[in-house]
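What follows is the residue order along each chain.
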Amino acid sequence: MRGLRVLVTGGAGFIGSHLVDRLMNEGCEVVVLDNFFSGKIGNIKHHLDSGKFRLIKRDVRNSEVAKEAVGCGCCFSSSRHRERATICREPITR
Ligand SMILES: NC(=O)c1ccc[n+]([C@@H]2O[C@H](COP(=O)([O-])OP(=O)(O)OC[C@H]3O[C@@H](n4cnc5c(N)ncnc54)[C@H](O)[C@@H]3O)[C@@H](O)[C@H]2O)c1
C-alpha cells in the first residue's frame, strides 16, 4: 500500500487512529476526516507534521467535503459513516 492515498473517516477515534498509525507505518499518505464528536486530537497529533498526513475537521455528512478528499484511492469507514455519507460510498474522481 506504500504511496497510496487513503481516506479514514473517524480517524481521530479509538479504532480509526490505530488504523491511521498502521497505514502511516505502511508508507501511505493518510487523510483523516473527523468532526471530533468523540475523537481526540491526541490520538493523531504525532502525525500532524509528518508531511504525509492531512486532517479535515468536518462531518462526513457534509457533501462539500468530497472536494477536499479528491485523489484518495481507498476509504476506510465504520458502517455508520458509510450509511450516512456519499463520500464513503462513491468514488471521488474530480
Ligand atoms: N471500540 C470498540 O471496541 C468497537 C467494537 C465494535 C464496533 N465498534 C464500532 O466501530 C466504530 C468506531 O468505534 P470507536 O471505538 O473507534 O469509536 P470512537 O467514538 O472512538 O470513534 C469514532 C470517530 O468518528 C468520529 N465521528 C463520529 N461521527 C462523525 C461524523 N458525522 N463525521 C465525522 N466524524 C465523525 C468521532 O469524532 C470519532 O473520532 C463505531 O461505529 C463503533 O460502534 C467499536
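Before any of the text, the structure's been laid out above.
What you see is a predicted model, and the numbers here were worked out from it, not measured in a lab. Throughout this document, residue positions are counted from 1 along each chain, in the order its sequence is written. Residue-level local features of this predicted model are given only where pLDDT is at least 70; pairs of side-chain atoms are given and counted only at 80 or more, and the full residue set underlies all totals for whole chains, interfaces and linings. Computation of side-chain values: all heavy atoms of the structure, hydrogens and water removed.

Here, any two strands with at least 2 DSSP bridges between them count as paired. Strands here are runs of E lasting at least two residues and helices are runs of H or I lasting at least four, both read from the DSSP assignment and numbered beginning at the N terminus. Strand order across the open sheet formed by four strands is 3-2-1-4, with parallel pairing between neighbours. What marks the edges here is a single partner per strand, and that holds for strand 3 (53-56) and strand 4 (74-76). Going from strand to strand, the sheet's axes swing by 20° on average, the running direction of each strand aside. Pairing geometry for strand 1 (residues 5-9) and strand 2 (residues 29-33), over five bridges, is parallel. Note that in strand 2 the partner of Arg5 across the bridge is Glu29. Each of strand 1, strand 2, strand 3 and strand 4 is contacted by helix 1 (residues 14-25), which is oriented at about 170° to strand 1, the strand it contacts most. For helices, the axis comes from a line fit to the C-alpha atoms of the stretch in contact; other axes are also lines fit to C-alpha atoms, and the angle between any two N-to-C directions lies between 0 and 180 degrees. Any two residues whose heavy atoms approach within 4.5 Å at even a single point are treated as in contact.

A cavity here means a set of 1 Å grid points, computed over protein atoms only, where a 1.4 Å probe fits but cannot escape. A pocket is an open set with protein on both sides within 12 Å along at least 5 of 7 lines, and lining residues have an atom within 4 Å of a point. Grid points are joined across faces, edges and corners, and a volume is the space filled by probe spheres set on the points. Approximately 600 Å³ is the volume found for the largest pocket. Lining the largest pocket are 27 residues, with Gly10, Asp34, Ser38, Ser78 and His81 sitting closest to its centre. No other element matches helix 1, which puts four residues into the lining of the largest pocket.

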